[in-house]
2 protein chains.
Amino acid sequence: MESSSATAGVSTRREATRQKLYEAAVTLIAEQGFSATTVDEIAERAGVAKGTVYYNFASKSVLFEELLRHGVGLLTASLREAAEATARAGGGKVDALDAMIRAGLVFIDRYPAFTQLYVAELWRTNRAWQSTLMVVRQQAVAVVEGVLREGVENGEFSDEIDVPLTASALVGMVLVAALDWQSFQPERSLDDVHAALSRLLQGRVSGRRG
Amino acid sequence: MESSSATAGVSTRREATRQKLYEAAVTLIAEQGFSATTVDEIAERAGVAKGTVYYNFASKSVLFEELLRHGVGLLTASLREAAEATARAGGGKVDALDAMIRAGLVFIDRYPAFTQLYVAELWRTNRAWQSTLMVVRQQAVAVVEGVLREGVENGEFSDEIDVPLTASALVGMVLVAALDWQSFQPERSLDDVHAALSRLLQGRVSGRRG
DNA sequence: CTTTTTGAACTGACTGGTCAGTGCAAAAAC
DNA sequence: GTTTTTGCACTGACCAGTCAGTTCAAAAAG
C-alpha cells in the first residue's frame with residue numbers, strides 16, 4: 001500500500017483505474033442522478049469489472065464522495081490561481097473577480113457534467129455525503145468571499161455589501177449562465193459569455209448606449 | 001352518485017388528495033432526489049394508502065411532472081404579476097427587474113423545497129420529464145427576457161446586452177443567493193437579502209462609499 | 001322517511017423485477 | 001510473489017406498480 005510514492009501526479013495503475021471510474025461515474029450521475037445510476041453501469045462505461053469498483057472504493061457512496069472532493073479541489077485551485085494571477089499583475093479586486101468569473105466558465109466548459117451533478121446535490125439534505133459537500137462548498141466559496149472582503153478593506157468595494165450573500169449571488173450568476181449556455185447555446189464562445197457576465201458585474205447594463 | 005355535480009365538475013375530495021400528495025412529494029424529493037424517494041414514503045407522508053397515489057396519478061413520474069408544472073405555473077404567474085404591477089405604477093424596467101427579484105425571493109421563501117428540486121433536475125438529460133421541464137423553464141425565463149427586451153427597446157438598457165444570457169445570469173443570481181440564504185443563514189430577513197441583490201443589480205458594489 | 005343501489009375514492013397485501021454488495025478462484029500486471 | 005483485475009454466480013433487501021376488495025355519501029326507489 002503505497003501509491004503515494006509517486007512524487008507528482010504520476011499515476012500508478014490503481015490511480016488510472018480510479019480516474020476511469022471517476023470519469024464514467026461523473027457523466028452517468030450527471031445525466032441520471034446518483035440513485036438512478038447503477039454500479040454495473042459505471043463499471044461497464046469505465047471498461048472495468050464490477051469487482052474492480054469494490055476493490056478501489058468501499059461503496060458506491062464513497063466513490064461519489066471522493067469524486068466530489070476531487071472535482072471541487074480542481075475548481076478551488078483554479079479560482080485561487082486566477083485571483084493570485086491578477087494580484088501578481090497588479091490588478092484590482094474587480095479584475096480578480098472578473099478573472100474568477102472566467103476561471104469558473106473555463107472550469108464549467110471543461111467539466112460540465114461535474115458541475116451539473118454538483119448543483120443537483122448542493123442543497124439537498126439527508127444524504128450520506130451532505131457533510132463532505134458542505135466542506136468542499138465552503139472551500140470554493142471562501143475564495144470568492146476572500147476577494148470581496150479584501151476589496152472592502154482596501155476601499156474598492158462599498159463596505160455596505162453583504163460579503164457572503166454577494167459571493168453566493170456571483171457564483172449563481174456564473175453557474176446558471178454557464179449551464180444554460182452549455183445546454184441551450186453551446187455554439188457560443190466562452191469570450192462571448194464572459195463579456196456578457198462582465199457587463200453585468202460592472203453594472204453596465206442599465207446604461208443606455210445604443 | 002355523481003360527485004362531479006360540484007360546480008366546476010371537479011371533485012374537491014380528489015383535488016385535496018392530490019394537493020396532499022404534491023406537498024408530501026415535494027419535500028421528500030427535494031431532500032432525497034426523485035429516485036431515492038419511494039412511492040410508499042410519499043403515500044405515508046401524505047397520510048394515504050399507496051393505491052391512492054396510483055388512483056390519482058398514472059405513475060411516480062407523472063406525479064412528479066404534474067408537480068413541476070404546478071409549481072412553475074405559480075412562479076411564472078408571480079413574476080408576471082410583479083412586472084405588470086410596476087408597469088401600472090409607472091415604474092421603469094429596472095424597477096420591474098427589481099420587483100421580479102423580490103417576487104423570486106418571496107416564491108423561494110414560500111416554496112424552498114420546490115425550488116431545490118427544480119434546480120436539481122433542470123440541467124439533467126435523459127430523464128423522462130425532460131421535455132416538460134424545458135417547456136416550464138422557458139415560460140418562466142421568458143418573463144425575464146421580455147422585460148429585458150422591452151428595456152433595450154425603450155433605451156433603458158444598453159442594446160449591447162445579451163438578453164438570454166443576462167436573463168439566465170439574473171435568475172441564477174437570485175436562485176443561488178436565495179437557496180444559500182435558506183440553507184445557511186435562514187435567520188436573515190427577505191428585505192435584507194433583497195437589498196443585497198438590488199445593490200448588485202444596480203452596480204452599486206464597486207463604488208467606494210464607506 | 002327508510003331502504004337499496006351506485007360508483008368514485010381509497011386501501012394494503014402481493015408480485016415480479018432490480019440492484020448494491022459479496023465471495024472467490026483464476027488470470028494478468030508489475 | 002505481490003498487487004490488481006477479472007468474471008460471474010449469488011443473496012437479500014427494496015420497490016414500482018397491480019388488483020381484489022372496502023368505504024361511504026349521495027342518488028334512486030319504495
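Keep in mind that this is a model prediction, so the values were computed, not measured.

Helix and strand counts for chain A stand at 9 helices and 0 strands. Listing the helices and strands of chain A from first to last along the sequence gives α-α-α-α-α-α-α-α-α. Dimensions of chain A, computed from C-alpha atoms along their principal axes, come out at roughly 60 × 40 × 35 Å. Considering only residue pairs separated by 6 or more positions, chain A has 65% of its internal contacts joining residues 24 or more positions apart. Of the accessible surface of chain A, which amounts to about 9500 Å², a share of 52% is contributed by carbon and sulfur atoms. Averaging the positions of the 22 positive and the 26 negative side-chain charges in chain A gives two centres separated by 3 Å.

Residue and element names in this part refer to chain B. Here helix H8 (residues 163-184) contains 22 residues, and its C-alpha end-to-end distance of 31 Å stays within 8% of the 32 Å for a straight helix at 1.5 Å per residue. Of all 22 residues that make up H8, 17 are buried, and the element is covered over most of its length. Put simply, aspartate 162 is the residue that caps the front of H8, since its side-chain oxygen is 3.1 Å from the backbone nitrogen of leucine 165.

Mapping chain A onto chain B calls for a screw motion: a turn of 180 degrees about the axis and a shift of 0.1 Å along it, with 0.1 Å RMSD after fitting. Put plainly, the chains are arranged around a two-fold axis. When the interface residues of chain A are mapped onto chain B, 100% of them are again interface residues, pointing to one common binding face.

As a further point, take the domain arrangement of chain A. Residue and element names in this part refer to chain A. In terms of domains, chain A is made up of domain 1 (9-57) and domain 2 (68-210). Between domain 1 and domain 2, the contact holds 9 residues from the first and 8 residues from the second. Across the domain 1 to domain 2 interface the summed buried area is about 600 Å²; carbon plus sulfur atoms make up 71%. Contact with domain 2 buries area across many residues of domain 1, yet Val26, Ala30 and Phe34 alone supply 61% of it, more than any other trio. Residues of the side of domain 1 that touches domain 2, tallied by class, amount to 5 nonpolar, 3 polar and 1 charged.

This next bit is on the protein's contact with DNA strand C. In the neighbourhood of DNA strand C, 20 residues make up the surrounding shell, with A:Lys50, B:Thr17, B:Ala49, B:Thr52 and B:Tyr55 lying closest. Taking the atoms of DNA strand C that fall within 4 Å of the protein, sugar and phosphate contribute 76% of them. A distance of 3.4 Å separates a phosphate oxygen of DNA strand C from a polar atom in the backbone of A:Thr37. Between A:Lys50 and DNA strand C, the recorded distance is 2.9 Å, taken from a side-chain N or O atom to a base nitrogen. Of all the elements in the fold, those that place two or more residues in the surface near DNA strand C are helix H3 (50-56) of chain A together with helix H1 (12-32) and helix H3 (50-56) of chain B. Here the element with the most residues in the surface near DNA strand C is H3(B); it accounts for 4 residues.

What follows deals with the interface of chain A and chain B. The partner chain B presents 55 residues to the 55 residues of chain A that form the contact. The interface formed by chain A and chain B includes 4 salt bridges. Across the pair B:Asp162 and A:Arg188 runs a salt bridge, and its minimum N-O distance is 2.4 Å. Scanning the region where chain A abuts chain B turns up 17 residue pairs in polar contact (both at pLDDT 80 or more). Counting residues per element, the ones that place at least two in the side of chain A that touches chain B are helix H1 (13-32), helix H6 (112-122), helix H7 (130-153), helix H8 (163-184) and helix H9 (190-201) of chain A. Among the residues making up the side of chain A that touches chain B, the classes are represented as 24 nonpolar, 17 polar and 14 charged.

Residue and element names in this part refer to chain B. Along the polypeptide, alanine 83 turns up in helix H4 (residues 60-88). For alanine 83, a relative accessible area of 14% corresponds to the buried category. Residues alanine 83 and alanine 99, spaced 16 residues apart in sequence, show a C-alpha to C-alpha distance of 6.7 Å. Residue contacts for alanine 83: discarding those within four places in its chain leaves Met100 and Val147.

Here is what the cut-offs are and how they apply
- Residues numbered from 1 in each chain as written.
- Chains lettered and ligands numbered in written order.
- Predicted model: local features only at pLDDT ≥ 70, side-chain atom pairs only at ≥ 80, totals over all residues.
- Heavy atoms only, no water.
- Helix = DSSP H or I, 4+ residues; strand = E, 2+ residues; numbered from the N terminus.
- Contact = heavy atoms within 4.5 Å.
- Areas by Shrake-Rupley, 256 points an atom, 1.4 Å probe, with all protein chains shown as cover.
- Lys, Arg positive; Asp, Glu negative; His and termini not counted.
- Charge placed at Lys NZ, Arg CZ, Asp CG, Glu CD.
- Expected span 1.5 Å × (residues − 1).
- Buried < 20%, exposed > 50% of the residue type's maximum accessible area, 1.4 Å probe, protein only.
- Polar contact = N/O pair within 3.5 Å; in protein donor to acceptor, adjacent residues only side chain to side chain.
- Least-squares fit on C-alpha atoms with pLDDT ≥ 70 in both.
- Domains from an automatic or database assignment.
- Buried area = accessible area lost by both parts, 1.4 Å probe.
- Nonpolar A, V, L, I, M, F, W, Y, C, P; charged D, E, K, R; others polar.
- Near = heavy atom within 4 Å.
- Salt bridge = Lys/Arg side-chain N within 4 Å of Asp/Glu carboxyl O.

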